[in-house]
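# Descriptive structure summary
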Amino acid sequence: MEKNGILDPDDWGAFRVEARRMLDAAISQMQVARDRPWQPVPEDLEARYAIGQADQGDLVARLVEEVLPHHGGNIHPRFWGWVQGTGLASDLIAGMAAAAVNANCGGRDHGANRMERAVIDWTRQAMGFAEGASGVFTSGTSQATVLAFQAARVRAVPDLRQSGQGDRRLTAYAGAGVHNATLKALELLGIGSQNLRRVPLRDGQMDPQALRAMLAEDRAAGAMPFLIVGTAGSVDLGLFDDLNALADLAAAEGLWLHVDGAFGAWTRLAEPPWRGLSDGIVRADSLALDFHKWMYVGYDCGLVLMRDAAAHRAAFAARPSYLAGAEAGLAGGEPWFCDYGIDLSRGNRAIKVWCALEMFGAAAFAAAITDNCRQAAQMAAQVEARDGFALMHPVVSNICVFTAAAEETPERQSQINTQIAMALQLTGSAVFSTTDVAGTTCLRAAITNHRTRDEDITAALDAVQEMRLRV
Ligand SMILES: *Cc1c(COP(=O)(O)O)cnc(C)c1O
């Protein structure tokens with residue numbers, strides 16, 4: 001078997017053996033993920049990674065010994081820090097197929113674009129959006145948010161692409177717990193973080209009355225409100241805005257309703273009562289969500305959906321002559337995804353979702369998502385039953401925040417909870433992150449982990465209790 005190009009392997013047979021070794025090691029890593037918690041990164045790792053240091057023939061051995069062990073912990077069943085997905089065995093297969101095809105999904109007529117359309121269509125239906133909605137895969141919710149806000153802005157200011165925003169003071173409205181990605185997107189688009197108005201929450205949801213009052217006040221002061229950002233799953237506490245109320249208000253006020261559903265949108269697949277949390281999501285003008293969190297697929301993989309495909313396209317479509325379409329041939333095929341976002345060259349992220357759904361079936365994801373909500377509720381019940389522990393907020397979806405030292409002052413609790421989180425990470429027993437609730441740093445578990453079993457919840461809380469005696 002001859003090599004084709006300068007950069008093809010000298011010996012395809014030997015390469016085949018090496019690549020199979022890598023595949024075996026990768027499968028083993030997933031199979032025994034339970035025995036592989038996060039571990040501190042060796043000081044000299046970066047030096048060991050320095051290019052050109054080692055024998056080229058050792059590539060797979062080095063990957064197995066020096067790369068696989070140094071993961072970020074999120075493959076482990078007791079990892080609940082921040083909001084991170086677990087990864088799936090189907091990712092291994094998807095990665096190989098994607099690399100073999102090496103698709104550029106910016107446009108043109110080939111299979112990967114058709115696949116992306118098929119997966120967008122599945123997601124559209126899962127979210128309840130009508131036919132005629134459009135979407136595009138992104139690196140994540142942060143990028144999806146930028147795309148959505150730009151479309152909202154172009155709808156509000158139709159000549160924006162030519163003339164810019166001018167001296168209009170565009171303003172946006174979001175609940176007090178909105179994710180930083182919204183702020184960043186507004187900064188990036190030149191709207192400015194001061195023009196994001198934080199609406200106070202009432203019972204954990206944006207207060208529509210307060211929002212209405214802010215809109216009137218801003219309009220009277222010469223501002224141009226254009227956007228309401230609803231949250232389906234707040235990052236700190238897993239709270240959901242009343243999306244139907246926000247949709248009513250957006251319609252009455254002529255505003256674009258965007259929903260940040262990074263992880264929480266997937267409650268659409270969960271059983272009641274959790275499914276009901278995202279009722280009304282279908283009425284959003286745009287929805288940003290991630291597959292790499294609560295659909296568990298490998299990083300990175302997000303999506304923006306827009307109700308009105310024409311508004312989506314109006315914000316991004318641009319075809320210089322060298323990208324002109326054609327009736328047939330490679331330059332055929334519509335739509336081209338470069339007309340729906342920032343990127344011209346883009347990989348096939350959809351294949352990870354496609355493989356996951358085809359391998360496990362959507363029902364398995366619905367069950368895992370429901371389980372994670374149930375496990376968060378179970379954690380809350382156990383927290384309440386243990387001495388010295390207290391919930392810091394009722395569990396709404398998949399996030400449980402609590403303190404392990406309820407009898408102490410807020411300041412001392414903050415120290416203790418911070419130390420416990422760190423010590424448990426270092427010992428590899430469980431990963432909680434921390435967050436601030438009403439001035440107290442507490443332990444936080446965001447359960448987006450299909451490997452978590454019910455007994456992991458008990459074992460992790462046992463570990464917290466034990467560590468509480470030592471810090
Ligand atoms: C993670 C998250 C984001 C940002 O999404 P990325 O995929 O990390 O870019 C935005 N909003 C919420 C609620 C999130 O949890």
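The paragraphs below set out a description of the structure included in this document. Bear in mind the structure is a predicted one, so any value in this text is a computation, not a measurement.

## Description of the layout of surface pockets
Taken as a whole, the largest pocket holds about 840 Å³ of empty space. Surrounding the largest pocket, 25 residues form its lining, L23, A26, D91, L92 and G95 being those nearest its centre. At the level of secondary structure, the elements contributing two or more residues to the lining of the largest pocket comprise α1 (12–31) and α4 (89–101). In terms of residue count, the dominant contributor to the lining of the largest pocket is α1 (nine residues). Considering only residue class, the lining of the largest pocket consists of 14 nonpolar, eight polar and three charged.

## Remarks on the nonpolar core
Core analysis: the biggest nonpolar cluster contains 98 residues, and F137, L211, L227, I228, W266, L287 and F291 have the highest contact counts within it. Broken down by element, the residue count for this core peaks at eight residues, all from helix α6 (residues 141–156). Counting contributing residues, this core receives three or more from each of domain 1 (97–360) and domain 2 (363–468). Beyond its immediate chain neighbours, meaning those up to four positions away, I228 contacts Y173, M206, L211, L246, L249, A250, L255, W256, L257 and H258. With 26 residues, the next largest nonpolar core counts C400, A405, I416 and V464 among its residues.

## Considerations on the environment of Q378
One can find Q378 in helix α13 (residues 362–385). Considered as a pair, Q378 and I457 are 79 residues apart in the sequence and their alpha carbons are 7.7 Å apart.

## Section: the sheet that holds strand β1 (residues 134–138)
An order of β1-β9-β8-β7-β6-β2-β3 is seen for the seven strands of this open sheet, with the pairing classed as mixed. Whereas interior strands pair on both sides, the edge strands pair on one side only; in this sheet they are β1 and β3 (196–199). Sheet twist, expressed as the average angle between the axes of neighbouring strands with direction ignored, equals 20°. Of the strand pairs in this sheet, strand β6 (residues 224–231) and strand β7 (residues 256–260) are connected by five bridges, and their pairing is parallel. Bridged to T231 within β7 is D260.

## Describing unusual backbone geometry
For the bond running from P272 to P273, omega is 5°, close enough to zero to count as cis. Residue P335 is reached from E334 by a cis peptide bond, and omega for that bond is -5°. Note on placement: P335 falls in the loop between α11 (309–316) and α12 (350–360). Despite not being glycine, R108 shows a phi value in the positive range, around 75°. Structurally, the position occupied by R108 is in the loop between α4 and α5 (111–127).

## Considerations on the site of the ligand
The immediate surroundings of the ligand are formed by 13 residues, with S142, D260, D290, H292 and K293 found nearest. S142 is positioned with one of its side-chain polar atoms (N or O) 2.6 Å from an oxygen atom of the ligand. H292 places a polar side-chain atom, nitrogen or oxygen, 2.9 Å from an oxygen atom of the ligand. Here the shell around the ligand is composed, by residue class, of four nonpolar, six polar and three charged.

## Quick word on the packing of aromatic side chains
Inspection of every chain in the model, using the stated rule, returns eleven aromatic pairs. Ring geometry for F389 and F402: centres 5.9 Å apart, planes at 25°, overall stacked. Remark: F402 occurs in strand β11 (residues 399–403) and F389 occurs in the loop between α13 and β10 (390–391); sequence separation between them is 13 residues. Of the two residues examined, F389 and F402, each falls in the buried class. With a centroid separation of 5.7 Å and 80° between ring planes, the pair formed by F402 and F432 is classed as edge-to-face. You can see F402 sitting in strand β11 and its partner F432 sitting in the loop between α14 (410–427) and β12 (433–437), a full 30 residues away along the chain. Linked through ring pairs, W80, F389, F402 and F432 together constitute an aromatic cluster. Taking NZ or CZ as reference, R108 lies 5.5 Å from the ring centre of W336, over its face.

## Let's talk about the pattern of salt bridges
Here the structure, examined in full by the defined rule, presents 26 salt bridges. Here R283 ties to D248 by a salt bridge, and the two come within 2.6 Å at their closest N and O atoms. Of this pair, R283 sits in the loop between β7 and β8 (286–290) while D248 sits in helix α10 (residues 243–253), and the two are 35 residues apart along the sequence. On the accessibility criterion, D248 (45% relative accessible area) is partly exposed. Of the charged contacts in the structure, one is a salt bridge between R313 and D339, with a shortest N-O distance of 3.6 Å. Of this pair, R313 sits in helix α11 while D339 sits in the loop between α11 and α12, placing them 26 residues apart in sequence. Among the residues examined, D339 registers a relative accessible area of 0% and is labelled buried. Each of D44, R48, R62 and E66 takes part in a single network of salt bridges with overlapping partners.

## Section: the pairing of β3
Bridge count for strand β2 (residues 170–175) against β3 is four bridges, and the pairing is parallel. By the bridge assignment, A174 is partnered in β3 with R198. Chirality of the crossover, the property in question, places the unit of β2, helix α8 (residues 180–188) and β3 among those that are right-handed.

Scoring rules and cut-offs
- Residues numbered from 1 in each chain as written.
- Predicted model: local features only at pLDDT ≥ 70, side-chain atom pairs only at ≥ 80, totals over all residues.
- Heavy atoms only, no water.
- 1 Å grid on protein atoms, 1.4 Å probe; cavity = no way out; pocket = protein on both sides within 12 Å on 5 of 7 lines; lining within 4 Å.
- Points joined across faces, edges and corners; volume = space filled by probe spheres on them.
- Helix = DSSP H or I, 4+ residues; strand = E, 2+ residues; numbered from the N terminus.
- Nonpolar A, V, L, I, M, F, W, Y, C, P; charged D, E, K, R; others polar.
- Core = buried A, V, L, I, M, F, W, Y, C linked by side-chain atoms within 4.5 Å.
- Buried < 20%, exposed > 50% of the residue type's maximum accessible area, 1.4 Å probe, protein only.
- Domains from an automatic or database assignment.
- Contact = heavy atoms within 4.5 Å.
- Pairing = 2+ DSSP bridges.
- Axes fitted to C-alpha atoms, helices over the stretch in contact; angles between N-to-C directions.
- Near = heavy atom within 4 Å.
- Polar contact = N/O pair within 3.5 Å; in protein donor to acceptor, adjacent residues only side chain to side chain.
- Phe/Tyr/Trp six-rings, centres within 6.5 Å; stacked < 30°, edge-to-face > 60°.
- Lys NZ or Arg CZ within 6 Å of the ring centre and 35° of its normal.
- Salt bridge = Lys/Arg side-chain N within 4 Å of Asp/Glu carboxyl O.
- Right-handed = clockwise from strand over helix to strand, strands pointing away.

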